[in-house]
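Summary of the model geometry
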Amino acid sequence: MHTNRPTRVHPIATGIAAVTTSVPVEIRAVGFKTLYAEVKGTGAVSASVDVYGCLGPTAAGPIKLTDTPITLSGTNNAQDALGGMTAIYPYYYISVLAISGTDAKVNAYILH
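Just so it is clear, the model here is predicted, and its values are computed rather than measured.

1. Some details on the confidence of the model for the protein chain
The predicted structure's coordinates, where accompanied by low pLDDT, should not be read in detail. The predicted model of the protein chain averages 91 in pLDDT, with 95% of residues at 70 or higher. Per-residue pLDDT, averaged within each element of the protein chain, yields its smallest value for strand E5 (residues 63–64) (90) and its largest for strand E7 (residues 91–111) (97).

The following block contains the structure:
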């Protein structure tokens, strides 16, 4: 039975402007989840992002949740999502593999 309830938006990382790995953040979400990533900037922007689940705040026991990187490309913004994830990890983080564009910044979220 499906119940209508608001989607909860849990930030993994926001405002990432360089190739880097974010700090793991605690997100306690049980059930179906969607990984959502976006890049925003001015003009042509692009980014490539991997998402990981892990056991603790030091990225202990990381598990890559994306088979291939989430690739984003567009004008002023671009977004993509991977749905149907049911695995439960206490912490999540991202690795920005590439980013380009004027004022380009990556944001990533768990939607639950």
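There's plenty left to go through after this.
2. Details of the environment of isoleucine 63
Counting through the fold element by element, isoleucine 63 comes out in strand E5. Isoleucine 63 sits in the partly exposed class, given a relative accessible area of 38%. With 35 residues separating them in the primary sequence, isoleucine 63 and alanine 98 have C-alpha atoms 20 Å apart. Once residues within four sequence positions are removed from consideration, isoleucine 63 is found in contact with Val51, Tyr52, Gly53 and Tyr89.

3. Focus on the packing of aromatic side chains
Taken as a whole and judged by the stated rule, the model has three aromatic pairs. Considering the side-chain rings of tyrosine 36 and tyrosine 109, the 6.2 Å spacing of their centres and the 45 degrees angle between planes classify their relative orientation as tilted. Note that tyrosine 36 is positioned in strand E4 (residues 33–54) and tyrosine 109 in strand E7, a separation of 73 residues in sequence. By relative accessible area, tyrosine 36 is classed as partly exposed at 22%. Plain terms: the ring middles of tyrosine 52 and tyrosine 93 are 5.0 Å apart, the flat faces sit at 5 degrees to each other, and that makes the pair stacked. Of the two residues, tyrosine 52 is situated in strand E4 and tyrosine 93 in strand E7; the sequence distance between them amounts to 41 residues.

Conventions adopted
- Residues numbered from 1 in each chain as written.
- Predicted model: local features only at pLDDT ≥ 70, side-chain atom pairs only at ≥ 80, totals over all residues.
- Heavy atoms only, no water.
- pLDDT = per-residue confidence, 0-100.
- Helix = DSSP H or I, 4+ residues; strand = E, 2+ residues; numbered from the N terminus.
- Buried < 20%, exposed > 50% of the residue type's maximum accessible area, 1.4 Å probe, protein only.
- Contact = heavy atoms within 4.5 Å.
- Phe/Tyr/Trp six-rings, centres within 6.5 Å; stacked < 30°, edge-to-face > 60°.

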